[in-house]
Amino acid sequence: MSNRYVTATITRQTKAVSEKGFGLPLVLATSKNLGYKVYTDIDQVTTDFATTTEEYKLLSRMFGQNPRPAEIAVYGVQYDNATDDPTKLTSALNTLVTMGKNDFYYLLSVEQGDEEITALAEWISTQDKIYAASTSSETLYATLSGLFDNVFLLVHDQPRQYPAEGLVAQLAPLPIGSYTWTFKTIQGVSPAAYDDTKINDIHDHNACTYIRESGVDITSHGVATSGEYMDIVQSTHFLKARLAEAVFQLLAKNPKIPYTDAGIAMVVAEVDKVLKQAFRQGIIADENGEPLYSITVPKRADIPTNTKAQRILPDIEWTATIAGSIEKVDIRGTLMI
């Protein structure tokens, strides 16, 4: 309220910028055409898929994990792997993205053929998303080895138990940076019937399997087919998305960010907030409790005049030490009399 002596103006800076989600899995169904749907429990699935379908079995495995996602999205395109070309699957995904349904992070499918998995792997390689697949193929994991940062392949002699999909269901609700993809027990999945030679070959070609080790059933190797660890790939996706969102929100919610050292400091503060969040989630390492990252930024006076005229702030750079994870331990000891 204002009067003749005082005018009060309140400016709202509460408009939210959409944040990329990292917890929603999408199952690409192929037994029928089905619009984009989101399920919150397995009972809802029977509305669209009989209990005998592979879609139901896959979703049952996912909803049977603890923890599990609060929501699982499904999109259906009728597909026959005997007659259809796998591009039908990738075209369906392109259509889905065009429809604006691009908020999923994990891609899964009931299709387990080599050609289908390869096509979906190639599609996901253009996205900041993760594709996880179960396969019994004796050759596919060697074929894909070294190729894709964001493809996770779990080799199992009973792939219709959907081990990779069950693993994704467990991991999806967790903060990125707080877990690895190794040593996880998947509810309802039995260990693969592979000997050590086979397991080592799978690992040598950047794939995972499901084994019993010291009486515990676990995922054996948490790497992408490129050989990079999955948690590092995800950390890259997380930082890329959150940095872009944070700086854009700063620009969008303020009337103006001045091209001064103070204005540059406002941008740097947003970068710093994201890196601190990454530290809290376990992405960035620490030393004596202090996060191991640094940010360098130019002074206004050092930025070329033409760059300032174009209103571009260049050369904000940061470096961070990744926290990583311990997955093998070498213990040496000596017994003495």
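These numbers were taken from a predicted model, which means no experiment stands behind them.

Asker: Any chance you could break down the packing of helix 3 (residues 87-98) against helix 4 (residues 114-124) for me, citing the residues and the numbers?
Answerer: Remark: helix 3 packs on helix 4, axes separated minimally by 9 Å, with the N-to-C direction vectors making an angle of 35°. For the crossing formed where helix 3 meets helix 4, the hand is right-handed. Seen from helix 3, the contacting residues are Leu89, Thr90, Leu93, Asn94 and Val97; seen from helix 4, they are Glu116, Ala119, Leu120 and Trp123. Of the residues belonging to the contact of helix 3 with helix 4, the class tally is six nonpolar, two polar and one charged.

Asker: Let's hear about the packing of helix 8 (residues 230-253) against helix 9 (residues 261-280): which residues, and what values?
Answerer: Where helix 8 contacts helix 9, the two axes come as close as 9 Å, and the packing angle between them is 145°. The crossing of helix 8 and helix 9 is right-handed. Two secondary-structure elements touch here, helix 8 through Phe238, Leu239, Arg242, Leu243, Ala246, Val247 and Leu250 and helix 9 through Met266, Val267, Glu270, Val271, Val274, Leu275, Gln277 and Ala278.

Asker: So, the environment of Asp103: which residues are in play, and what are the values?
Answerer: With respect to the element layout, Asp103 can be found in the loop between helix 3 and strand 4 (106-109). Assessed through its relative accessible area of 44%, Asp103 is described here as partly exposed. Along the backbone, Asp103 and Gly177 are 74 residues apart, and their C-alpha atoms lie at a distance of 20 Å. Contact partners of Asp103, with chain neighbours within four places excluded, come to Gly21, Leu24 and Tyr36. A polar side-chain atom of Asp103 sits 3.5 Å from a polar atom in the side chain of Tyr36.

About the thresholds
- Residues numbered from 1 in each chain as written.
- Predicted model: local features only at pLDDT ≥ 70, side-chain atom pairs only at ≥ 80, totals over all residues.
- Heavy atoms only, no water.
- Axes fitted to C-alpha atoms, helices over the stretch in contact; angles between N-to-C directions.
- Helix = DSSP H or I, 4+ residues; strand = E, 2+ residues; numbered from the N terminus.
- Left-handed = near helix turned anticlockwise from the far one by under 90°.
- Contact = heavy atoms within 4.5 Å.
- Nonpolar A, V, L, I, M, F, W, Y, C, P; charged D, E, K, R; others polar.
- Buried < 20%, exposed > 50% of the residue type's maximum accessible area, 1.4 Å probe, protein only.
- Polar contact = N/O pair within 3.5 Å; in protein donor to acceptor, adjacent residues only side chain to side chain.

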